[in-house]
Each structure stands twice: as structure tokens, then as C-alpha cells.
Amino acid sequence: GTGQSEVATDQEGVLKSFGYEQKLSRRMGPFSSFAVSFSGVGITSSVFLTLAFALTQSGSAGLWTWIPSSIGAFLIVAIFADLVGRIPVAGYAYQWSSRLTTPHIGWFVAITGLMGFAIGGTGTIFGVTPYFLEEFGLPTTTAWNVGGAIVLTAVVISICIIGIKLTAILNNAAVVTEIVGSVGVAVVILIFAIIVHPHPASYL
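Residues numbered from 1 in each chain as written. Predicted model: local features only at pLDDT ≥ 70, side-chain atom pairs only at ≥ 80, totals over all residues. Heavy atoms only, no water.

Draft legend 1. Looking closely at the packing of helix H2 (residues 30-41) against helix H8 (residues 164-196). Two elements in contact, H2 and H8, have axes whose closest approach is 9 Å; the angle formed by their N-to-C orientations is 65°. With respect to H8, the axis of H2 lies roughly perpendicular. Crossing of H2 against H8: the hand is left-handed. Residues Phe31, Ser32, Phe34, Ala35, Val36, Phe38 and Ser39 of H2 pack against Ala168, Asn171, Asn172, Val175, Val176, Glu178 and Ile179 of H8. Per-class residue counts for the contact of H2 with H8 are 9 nonpolar, 4 polar and 1 charged. (Axes fitted to C-alpha atoms, helices over the stretch in contact; angles between N-to-C directions. Helix = DSSP H or I, 4+ residues; strand = E, 2+ residues; numbered from the N terminus. Parallel < 35°, antiparallel > 145°, perpendicular 65-115°, else oblique. Left-handed = near helix turned anticlockwise from the far one by under 90°. Contact = heavy atoms within 4.5 Å. Nonpolar A, V, L, I, M, F, W, Y, C, P; charged D, E, K, R; others polar.)

Structure representation (C-alpha cells):
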């Protein structure tokens, strides 16, 4: 409609101010865009990988570290939100850092960001692979874990290569399942704790 045309024209003007032309095919809706960011954070996998470590290393007191960590995370979110509103172009931190400082620092940020994503993605896949192996009744030895991680990586890459529509559909379904499942489990645990009182408040 006319409104959509005006928005598109305005977006083209914003991009031109940054030296870009509107070429991106916007096939993802608002929820899909949110789902991509949500799955990129990897909340469930992070809980599986870090919660056990925190409990075994510092006990129940380790749960309190979530408070300062959450405050720090929200501060970073506020900075990112401000940057993406002022510099709404593709390229993530490279665009922001190169335009706010110099292209050399932008290149450094891009390389370290690529390394971080590569290591984080690899670590996440390697960490969640045992859950898939157990579901299929396979051993969780190091060799099987490495092989399973390679297969899982190939599956994810294949889905992305097939197209953004399939990727968005599967990711949307996964995110909905993750949110509903996480909230559901949290509510069940809270109700259980209120009724049964397995530990006193001093346990924390």
C-alpha cells in the first residue's frame, strides 16, 4: 500500500545516507527477526553448559552471579539498541566500530567477532551433541561426540543453504518451543519448591 511504499522510500533514504542501496530482500517478519537473535543468544544451551559448572564449582551461591551478570547484559543491550537505531546497516559490530572510530579498528573488531562466533558456535554444538546421541541410543564418547557434532553442523548448514524461509520456519518453531518449555519448567519447579520446600531460603 501507500504506507508501505513511504516506509520503503524512507528506509532507502536512510541507507543512502550511509552510502548503501536497498538491495536486501526482507523475507523475515518481526518475530523471525526476534527469533534469530533469541536463538543466537542460545539461552537453553548456555544453561545446560554453564549451570552445572557454576553449581559444581561454587554451589548454590553461584546462582547469585546471575544478578550482576544480568545488569551487565542489559547495559550492553542498551548500547546495541542505540547503535542499531543510529546506524541501521548490515555488518554488525564492524559497521559500528569502523564508523565510530577507524576502519582499522573495525577490521580488528570484525576478526575478533568472527573468532568469537566460530568458537562459540563450535563449543555450543559440541556441548549439546551428547543430548542428541543419548536420544538415539548412541555412546557419548569423545569420538562419537566429535562425529555427531560434525553431522549436526552439516545439518544446520544444509538448512541455511536451502533458503531463508525454511531456516525461519524451523527457527521460529524451535524458539517457541524453547520459550514455552523453559517457562513451563520454571513454573513447575517454582510450584514444587513452594509446596514441598526441599530447601530452606538459607540454602541460597
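Draft legend 2. Molecular detail of the environment of Gly147. Residue placement: Gly147 occurs in helix H7 (residues 142-162). Placed 18 residues apart in sequence, Gly147 and Thr129 show a C-alpha to C-alpha distance of 9.2 Å.

Draft legend 3. How the structure looks around the side chain of Thr129. The residue Thr129 is located in helix H6 (residues 103-135) in this model. Taking the relative accessible area as the measure of exposure, Thr129 reaches 2% and is therefore buried. Sequence-distant contacts of Thr129, defined by excluding residues within four places in its chain, comprise Asn145, Gly148, Ala149 and Leu152. (Buried < 20%, exposed > 50% of the residue type's maximum accessible area, 1.4 Å probe, protein only.)

Draft legend 4. Spotlight on H8. The end-to-end C-alpha distance of H8, which contains 33 residues, comes to 47 Å, matching closely the 48 Å that a straight helix rising 1.5 Å per residue would cover. Among all positions in H8, only Ala168, Asn171, Asn172, Val175 and Glu178 are buried. Just beyond H8, the residue with positive phi is His197, at close to 55°. (Expected span 1.5 Å × (residues − 1).)

Draft legend 5. Looking closely at the packing of helix H4 (residues 66-86) against helix H5 (residues 92-100). Two elements in contact, H4 and H5, have axes whose closest approach is 11 Å; the angle formed by their N-to-C orientations is 75°. The angle between the axes of H4 and H5 places the two elements in the roughly perpendicular class. When H4 is examined against H5, the residues Phe80, Leu83 and Val84 are found in contact with a partner set consisting of Tyr92, Trp96 and Leu100. Classifying every residue of the contact of H4 with H5 gives 6 nonpolar, no polar and no charged.

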